[in-house]
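Structure at a glance
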Amino acid sequence: MLSILPRQKMARNEALWFWLFISPWIVGLILFRGGPILASLALSFTEYNVADPPKLVGFENYARLLQDDVFYKSLRVSGLYTLMAVPLGIVVSLLMAMLLNQKGVPFLGVFRTLYYIPALVAGSVAVALLFQWLLNPSFGIINFLISRFVGEEGLVPLGLSGPRWFFDPNWVVPSFVLMSLWGFGGSMLIYLAGLQGVPTALYEAARIDGAGAFRRFRNVTLPMISPVILFTFITGMIGSFQIFTPAYIVSGGGGGPAYASMFYVLYLYLNAFRRYRFGFASTQAWFLFIIILVLTIIALRASRSAVYYESPGDDKMI
Amino acid sequence: MKRRLLTWMGLLAVLSLVLAACAAPAGGDAAAEESMQRELVWMARTNVVENPWEQDVAIPAFEAANPDIKINLLIVDQADIAVKREAMIAAGEPLHVWSPNWGGNGFASDRVRGLLHDLSPLIERDGLDTSVFISEVLAIYENEGRQYGFPFLTTGSYMFYNMDLFDAAGVEYPPVSWDDETWTWDRALAIAQELTVNPDDPMNATYGWVEGIWPAEAITWLFDAFPWPDDAFDTGFAQSIDFTSEGAVNAFQSRHDLTYKHKVAPDAAAIEGLSALGGDFQSGKVAMKTTGGWGWWVYSTVTPEVEGGFCWGVAPLPFGAPGAPTRAVIFTDPWVITAGMEGQELEDSWTFLKYLISEDAARAYMQATNTPPTQHKLLEEWYQQFGCMDPADVKDVYQGAFTNGLESSNHLMVGFDEINSTWDNLLGVFWSDPEGDAASLLPDVEASVNEVLLRIAEEQDHSFE
């Protein structure tokens, strides 16, 4: 026989079950994340090379970081990459999501799957090697196609030749941005879900009011999926500042040429594991945390007037 | 009802745990014997020829002779081996025998950081005969009277050449003597020009010369412009490097000119492409390649008998400047023991290290890998391993590197990884720029490297006298 519990007791019971079910995650967070986070904060005030015990040096690492030329170069590379990759990623993902949101297209499910599959290996060693090969100036297929279409003896003989991609410091970051587009499938899926959540009644009303396709996109679609755009913007920005694998593989871990692929996290890694400056690298990690935190706060503040939440209070979700 | 079911399920779970705990270990005696063994962790690099030797030859032979010791072989990719080692040391995980020169900073840094066990007392206690080793090679891993490691392979840097391409063009092979002063950069360049075909079409090109001497600074050695201070390789520290001398500028510019002025060498992108196809020299599209002595074993699979194979020979590095006394970079890898061990753990590690450097184990390693050995006796056997070259010529060219060379800066300079990354970054643009001018670039490279050198010395509290 079911017993009827008073409302307060039921709420307490529910809370208990909540904590019980979430406890593995909390324990994991405290033990495997919380510990290292606090340890890295403590290490950032020390000189630590693994072989010897950490030596307290106060704010020396922070001061040294601010005088480090390569630190600024790495910040510039990651910043530039974020500036290019995040907006471009949003545009491409959104466009693809809109294409795959059409009704009446045969095999739509197949297309959605096909376009999503590359995202499964995005950011991996395999993709880095693939793009290194595709963008090789001498043997890569991209430059081959460029020369075939617009080269001196191409279909349209404009005398153009492909850039030197990863070998030219000016083209290194754009090459990585191009590589990042390989992973648009993840955001595309989120946009697809967002687009499908837009009430069709709004489109119908807009159509009755005489709005064309562009007006419907601008005045209905964009406002309705603006929380999704904000979400992908913030997560994309965080991810872009943390890029490591492609930079490590393509540059062979050196960050060249001319520090053009010295992404922030690659430089952090080199300091920690190649140069045994674990204290200094921890300082870099905390700097990165502060940078991302500040940028996220700015993005959230700036988005207040641009992002539309259907019901009041939804903004608390982000 | 529900409560009873839960109780029964709980009891069953406890019972199964108790039974599992009481059960005899699988395998009975064998497993029990295994549990009595003491374990040693041996760290090695990923390598298609070395790993089978380690797994199928070295470990079984050692464990058969020492049944109470079990070797746990840890194979790590060379580029990541230092990272793994640091993580293990940081985590307090056991690591007994390893080599310091793979990945990261190399011997000098590990010595300065106190990671290496001083083997001298053990050598003296056991009366180990060290005279079987080439003394100059053994001395590389000795510092202030302490022996920190035993070399297991050593090689200079050389010019490897494709005999088939030379024969087809009717060009005479380079000499084998390091003292032959007619073997100059210009003569090598003239040969390269003769052997280069279609240099502007990477898909159909045959290149005369790939210049791949490493580390990058070592190109200056050929031009009598050794850039390090005299005591740098002894102390592991330097206040400055000299990249702006006439010889150094000439050296870097000459290498650059091979690609863009003389068009006998592929550019960096073409080299990357050829490497991805199995190796530039191995592709058969390169007539000569100057590089480290790893060519001896990396190219050992390239023989006329295999498809796409060819005969290759080895020559000295050419003189960039007349009489340059030091031309070859020598690479010697040692086995070391982690510092801080004592008692049985140290004894076991020492036993294993002694086994690895024993004549039998060293011979098996040499035969399995084609790497040059570090013991006099074995060298004579090693010279016989190259079918396309006369053993007497192999001996001349191989040994000449040692009288005309010095151990590599990546083994002897503290903080090499950062030094290397600094010059590589700045030179990377130069190597890819057809208009690159060494004279205008090198002052910046020198200044940046000097800044790094001072920082490394400061971090290690090293003072220059």
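Residues numbered from 1 in each chain as written. Chains lettered and ligands numbered in written order. Predicted model: local features only at pLDDT ≥ 70, side-chain atom pairs only at ≥ 80, totals over all residues. Heavy atoms only, no water.

1. Details of the confidence of the model for chain B
Let me state the cut-off plainly: Note on scores: pLDDT gives the predictor's confidence for each residue, bounded by 0 and 100. Two residues form a contact once any of their heavy atoms are found within 4.5 Å.
The predicted model of chain B has a mean per-residue pLDDT of 91, with 92% of residues at 70 or higher. Here residues 21-28 of chain B is modelled with pLDDT under 50, and outside its nearest four sequence neighbours on either side it reaches 1 contact, counting other chains as well.

2. A short note on unusual backbone geometry
Our working definition: Where helices and strands are cited, they refer to DSSP runs of H or I of at least four residues and of E of at least two residues respectively, numbered from the N terminus.
A cis geometry characterises the amide bond from Gly 256 of chain A onward to Pro 257 of chain A, with omega recorded as -5°. With respect to the helices and strands, the residue Pro 257 of chain A is situated in the loop between helix H11 (245-250) and helix H12 (264-274). Cis geometry is adopted by the peptide bond preceding Pro 215 of chain B, which originates at Trp 214 of chain B and carries an omega value of -5°. Here Pro 215 of chain B is to be found in the loop between strand E8 (207-211) and helix H10 (219-222).

3. Section: the packing of helix H3 (residues 69-99) of chain A against helix H8 (residues 185-196) of chain A
Residue and element names in this part refer to chain A. To be explicit about the condition: Orientation is described by axes fitted as lines to C-alpha atoms, over the contacting stretch for helices, and by angles from 0 to 180 degrees between their N-to-C directions. Note that the term roughly parallel is reserved for angles under 35 degrees, roughly antiparallel for angles over 145, roughly perpendicular for angles of 65 to 115, and oblique for everything else. In this scheme the handedness of a crossing depends on how the near helix is turned from the far one: anticlockwise by less than a right angle means left-handed, clockwise means right-handed. The classification used treats Ala, Val, Leu, Ile, Met, Phe, Trp, Tyr, Cys and Pro as nonpolar, Asp, Glu, Lys and Arg as charged, and all other residues, Gly among them, as polar.
Relative to each other, H3 and H8 sit at 50°, their axes nearing to 8 Å. By the angle between their directions, the pair H3 and H8 is classed as oblique. At the point where H3 passes H8, the crossing takes the right-handed sense. Taken together, the residues of H8 that come into contact with H3 (itself represented by Ile 90, Ser 93, Leu 94, Met 96, Ala 97 and Met 98) are Ser 187, Met 188, Tyr 191, Leu 192 and Leu 195. Of the residues in the contact of H3 with H8, the class split is 9 nonpolar, 2 polar and no charged.

4. Observations regarding the interface of chain A and chain B
Test applied: What counts as buried area is the accessible surface, traced by a 1.4 Å probe, that two parts surrender upon association, with contributions from both included. Counted as salt bridges are all cases of a side-chain nitrogen of Lys or Arg within 4 Å of a carboxyl oxygen of Asp or Glu. As used in this structure description, the phrase polar contact means that two N or O atoms lie within 3.5 Å; if the pair is within protein, one of them must be able to donate a hydrogen and the other to accept it, and residues adjacent in sequence are counted only when both atoms belong to side chains.
Every contact between the two is made by 35 residues of chain A and, on the other side, 38 residues of chain B. For the pairing of chain A and chain B, the buried interface totals around 3100 Å² over both sides, and the portion due to carbon and sulfur atoms is 50%. Looking at the side of chain A facing chain B, the largest losses of area belong to Phe 139, Tyr 276 and Arg 277 of chain A, adding up to 22% of the total buried there. Here chain A is connected to chain B by 8 salt bridges. Linking chain A with chain B are 17 residue pairs in polar contact (both at pLDDT 80 or more), by the criterion used here.

5. Observations concerning the pattern of salt bridges
Residue and element names in this part refer to chain B. Under the convention used in this document: Accessibility here uses a 1.4 Å probe with only protein chains present; expressed as a share of the type maximum, an area under 20% marks a residue as buried, one over 50% as exposed, and anything in between as partly exposed.
As enumerated under the stated definition, the model contains 27 salt bridges over all chains in all. In this structure, Lys 263 and Asp 200 form a salt bridge, with 3.7 Å as the shortest nitrogen-oxygen distance. With Lys 263 in the loop between helix H12 (246-260) and helix H13 (268-276) and Asp 200 in the loop between helix H9 (185-195) and E8, this residue pair connects regions lying 63 residues apart in the sequence. Given the relative accessible area of 37%, Lys 263 is considered partly exposed.

6. A short note on the pairing of strand E11 (residues 328-337) of chain B
Residues and elements named next belong to chain B. The line we're drawing: DSSP calls a pair of strands paired once it identifies at least 2 bridges connecting them.
Buried residues dominate E11, accounting for 10 of its 10 residues. On E11, burial covers both faces: Ala 328, Ile 330, Thr 332, Pro 334 and Val 336 on one face and Val 329, Phe 331, Asp 333, Trp 335 and Ile 337 on the other are all buried. In this sheet, E11 lies alongside strand E3 (residues 97-98) in antiparallel orientation, the contact comprising 2 bridges. Counted as the bridge partner of Trp 98 is Val 336 from E11. Where strand E6 (residues 150-155) lies against E11, 5 bridges are found, and the strand directions are antiparallel. Bridge pairing links Thr 154 to Thr 332 in E11. Note that E11 and strand E12 (residues 405-407) share 3 bridges and pair parallel.

7. Examining the state of the cysteines
Residue and element names in this part refer to chain B. Put simply, the test is: The disulfide criterion used throughout: a pair of cysteine sulfur atoms within 2.5 Å.
Counted according to the given criterion, the structure contains 1 disulfide over all chains. With its sulfur 1.9 Å from that of its partner, Cys 311 forms a disulfide with Cys 388. Between Cys 311 and Cys 388, the S-S torsion sits near -70°, and that sign places the bridge as left-handed. Residue Cys 311 is located in the loop between helix H14 (295-298) and strand E10 (312-315), and its partner Cys 388 is located in the loop between helix H17 (376-382) and helix H18 (391-403); the two are separated by 77 residues in the primary sequence. The class of Cys 388 is partly exposed, set by a relative accessible area of 29%.

8. Some thoughts on the side chain of Glu 418 of chain B
Turning to its location among the elements, Glu 418 of chain B is positioned in helix H20 (residues 416-432). Since its relative accessible area comes to 8%, Glu 418 of chain B is described here as buried. One polar contact links Glu 418 of chain B to Arg 277 of chain A, side chain to side chain, over a distance of 2.5 Å. Excluding its chain neighbours within four sequence positions, the residues that come into contact with Glu 418 of chain B are Arg 275 and Arg 277 of chain A together with Asn 105, Val 452, Arg 455 and Ile 456 of chain B.

9. Quick look at the sheet that holds strand E7 (residues 157-162) of chain B
Residues and elements named next belong to chain B. Read across the open sheet, the 4 strands follow the order E8-E9-E7-E10; overall the sheet is mixed. Both edges of this open sheet fall to E8 and E10, since each of them pairs with a single strand only. Looking at each pair of strands side by side, their axes are set apart by 20° on average, direction ignored. Sheet analysis places E7 next to strand E9 (residues 286-292), joined by 5 bridges and oriented antiparallel. Opposite Phe 160, over in E9, you have Lys 289 as the bridge partner. Packing of H18 onto the sheet brings it into contact with E7 and E10, and relative to E7 it is tilted by some 150°.

10. Some remarks on the packing of aromatic side chains
Two measures describe an aromatic ring pair: the distance that separates the ring centres and the angle between the ring planes. Residue and element names in this part refer to chain B. Put simply, the rule reads: Between 30 and 60 degrees the pair is tilted, below 30 it is stacked and above 60 it is edge-to-face, where a pair is any two Phe, Tyr or Trp rings, Trp via its six-membered ring, whose centres lie within 6.5 Å. Working rule: Lys NZ or Arg CZ, within 6 Å of ring centre, within 35 degrees of ring normal, means a charge sits over the ring.
A complete count under the given rule lists 75 aromatic pairs over all chains for this structure. Aromatic side chains Phe 243 and Phe 252 sit 5.3 Å apart centroid to centroid with 80° between the ring planes, which places their arrangement in the edge-to-face category. Judged on exposure class, the residue Phe 243 and its partner Phe 252 are both buried. Directly above the aromatic system of Trp 431 lies the positively charged group of Arg 255, at a separation of 4.3 Å from the ring centroid.

11. Things to note about the domain arrangement of chain B
Residue and element names in this part refer to chain B. In plain terms, the rule: Boundary definitions for the domains trace back to an automatic or database domain assignment.
Split into domains, chain B comes out as domain 1 (36-154 + 333-385) and domain 2 (157-330 + 408-459). Here the C-alpha centroids of domain 1 and domain 2 sit 29 Å apart. In this complex, domain 1 contributes 20 residues to the contact, which on the side of domain 2 involves 16 residues. Looking at the side of domain 1 facing domain 2, the largest losses of area belong to Asn 105, Ala 108 and Asn 370, adding up to 28% of the total buried there. For the interface between domain 1 and domain 2, the tally reads 0 salt bridges. Those elements that provide at least two residues to the side of domain 1 that touches domain 2 are helix H5 (107-112) and E6. In terms of residues, the side of domain 1 that touches domain 2 owes the most to one element, H5, which gives 5 residues. Residues of the side of domain 1 that touches domain 2, tallied by class, amount to 8 nonpolar, 10 polar and 2 charged.

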